[in-house]
Amino acid sequence: MGTARKFAAGLSGLICAAMLLAGCTSEDGIYQPGNYTASAAGYAGDVTVEVEFDSEKILSVTILEHNETPTVADKALEEIPGQIVEQQTSEVDAVTSATLTSEAIKTTVADCIRQAKQG
């Protein structure tokens, strides 16, 4: 009876270890790969953004359409997408004097991230 208990305890330990290790890896990744699009209100109208994902990361952020004032919003439209890809989050700093445009880009990317996680 002692040998049977040792065997059962050892087998239970192996099963628990296998379950823990299986939980540490994900074959599906973080995101459903693809391109996702969203829009949010900027200063002068909607800003529409497309975000491309593979299963593990944000690959690109592209501004598809906007009506923002060029001299004011250009820096945000140019810098924010790159920062998001570099930092892999929509939680990046806004560009001074283009706060509404910055927030619109960040909001649309956050929406696309939610879409990609839902699949």
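Position numbers for residues count from 1 along each chain, tracking the sequence in the order it is written. Side-chain atom pairs in this predicted model are given and counted only at pLDDT of 80 or more, local residue features only at pLDDT of at least 70, and totals for whole chains, interfaces and linings cover all residues. Here the side-chain values reflect all heavy atoms present in the structure, with hydrogen atoms and water set aside.

Asker: Explain the packing of aromatic side chains residue by residue, including any values.
Answerer: Two rings belonging to Phe, Tyr or Trp (six-membered ring only in the last case) form a pair when the distance between their centres is within 6.5 Å. Interplanar angles under 30 degrees mark stacking, angles over 60 mark edge-to-face geometry, and anything in between is tilted. Summed over the entire model, instances satisfying the criterion amount to two aromatic pairs. Where Tyr31 meets Phe53, the ring centres are 4.6 Å apart and the plane angle is 45°; that geometry is what we call tilted. Linking Tyr31 in the loop between helix 1 (2–24) and strand 1 (34–41) with Phe53 in strand 2 (residues 46–53), this pair joins segments that are 22 residues apart in sequence. Three labels apply to residues, based on accessible area from a 1.4 Å probe with only protein chains included: buried if under 20% of the type maximum, exposed if over 50%, partly exposed otherwise in between. Under the relative-accessibility criterion, Phe53 is labelled buried at 2%. Taken together, Tyr31, Tyr36 and Phe53 form an aromatic cluster joined through their ring pairs. Secondary structure elements are defined from DSSP: runs of H or I of at least 4 residues count as helices, runs of E of at least 2 residues count as strands, and each element is numbered from the N terminus.

Asker: I'd like a rundown of the nonpolar core, residues and numbers included.
Answerer: Among the buried residues, those of types Ala, Val, Leu, Ile, Met, Phe, Trp, Tyr and Cys that are joined through side-chain atoms within 4.5 Å form a nonpolar core. If you look at the biggest cluster of nonpolar residues, it comprises 24 residues, and the most contacted ones within it are Val51, Phe53, Ile58, Ile84 and Val109. Broken down by secondary-structure element, the contributors of at least two residues to this core are strand 1, strand 2, strand 3 (58–65), helix 2 (70–87) and helix 3 (99–118). Take this core: its biggest share by element is six residues, from helix 3. Any pair of residues with heavy atoms lying within 4.5 Å of one another is described as a contacting pair. Ignoring any residue separated from it by four or fewer positions in sequence, one finds Val109 in contact with Val49, Val51, Val61, Ile84 and Ser90.

Asker: Let's hear about the packing of helix 2 against helix 3: which residues, and what values?
Answerer: The N-to-C vectors of helix 2 and helix 3 enclose an angle of 30°; their axes lie 9 Å apart at closest approach. Between helix 2 and helix 3, the angle falls in the class roughly parallel. Seen along the crossing, helix 2 lies across helix 3 with a hand that is right-handed. Contact residues: Ala73, Ala76, Leu77, Ile80 and Ile84 in helix 2; Thr101, Ser102, Ile105, Lys106 and Val109 in helix 3. Polarity classes work like this: nonpolar for Ala, Val, Leu, Ile, Met, Phe, Trp, Tyr, Cys and Pro, charged for Asp, Glu, Lys and Arg, and polar for all others, with Gly in that last group. Looking at the contact of helix 2 with helix 3 residue by residue, the class counts come to seven nonpolar, two polar and one charged. Only the contacting stretch of a helix is used when fitting its axis, a line to C-alpha atoms as for every element, and angles between N-to-C directions run 0 to 180 degrees. When describing relative orientation, an angle under 35 degrees is termed roughly parallel and one over 145 degrees roughly antiparallel, while 65 to 115 degrees is termed roughly perpendicular and anything else oblique. Helix crossings get a hand from a simple test, with the near helix turned counterclockwise from the far one by less than a right angle marking a left-handed crossing and a clockwise turn marking a right-handed one.

Asker: I'd love a proper account of helix 2, names of residues and values included.
Answerer: Every α-helix carries 3.6 residues per turn, so stepping three or four residues along brings you back to the same face. Its 18 residues place the ends of helix 2 25 Å apart at the C-alpha level, agreeing with the 26 Å of an ideal helix rising 1.5 Å per residue. Throughout, bend refers to the angle between the axes fitted to the seven residues that end at a position and the seven residues that start at it. By the largest-angle criterion, Glu79 marks the main kink of helix 2, which is about 25°, and a proline, Pro81, follows within four residues. Turning to helix 2, its buried residues number three or more, namely Ala73, Ala76, Leu77, Ile80, Pro81 and Ile84. Of the residues flanking the end of helix 2, it is Gln88, one or two places downstream, whose phi is positive at about 60°. The span you would expect from a helix comes to 1.5 Å times its residue count less one.

Asker: Describe the pattern of salt bridges, listing the residues and the values that go with them.
Answerer: Any carboxyl oxygen of Asp or Glu within 4 Å of a side-chain nitrogen of Lys or Arg constitutes a salt bridge here. Evaluated as defined, the whole model comprises one salt bridge. Notably, a salt bridge pairs Lys106 with Glu103, separated by 3.3 Å at the nearest N-O pair. Here Lys106 and its partner Glu103 are both found in helix 3, three residues apart, which amounts to about one turn of the helix.

Asker: Describe the sheet that holds strand 2, with residues and values.
Answerer: Spatial ordering of the open sheet is given by 1-2-3, a layout of three strands whose pairing is antiparallel. Looking at strand neighbours, the two that pair on one side only are strand 1 and strand 3, the edges of this open sheet. Shown here is a sheet whose adjacent strand axes are inclined to one another by a mean of 25°, direction ignored. Strand direction decides the pairing type here: strand 1 and strand 2, joined by eight bridges, are antiparallel. Among the inter-strand pairings, Ala41 is bridged to a residue of strand 2, identified as Asp46. Contacts from helix 3 reach strand 1, strand 2 and strand 3, with the element oriented near 140° to strand 1. The pairing criterion for strands is at least two bridges between them, as found by DSSP.

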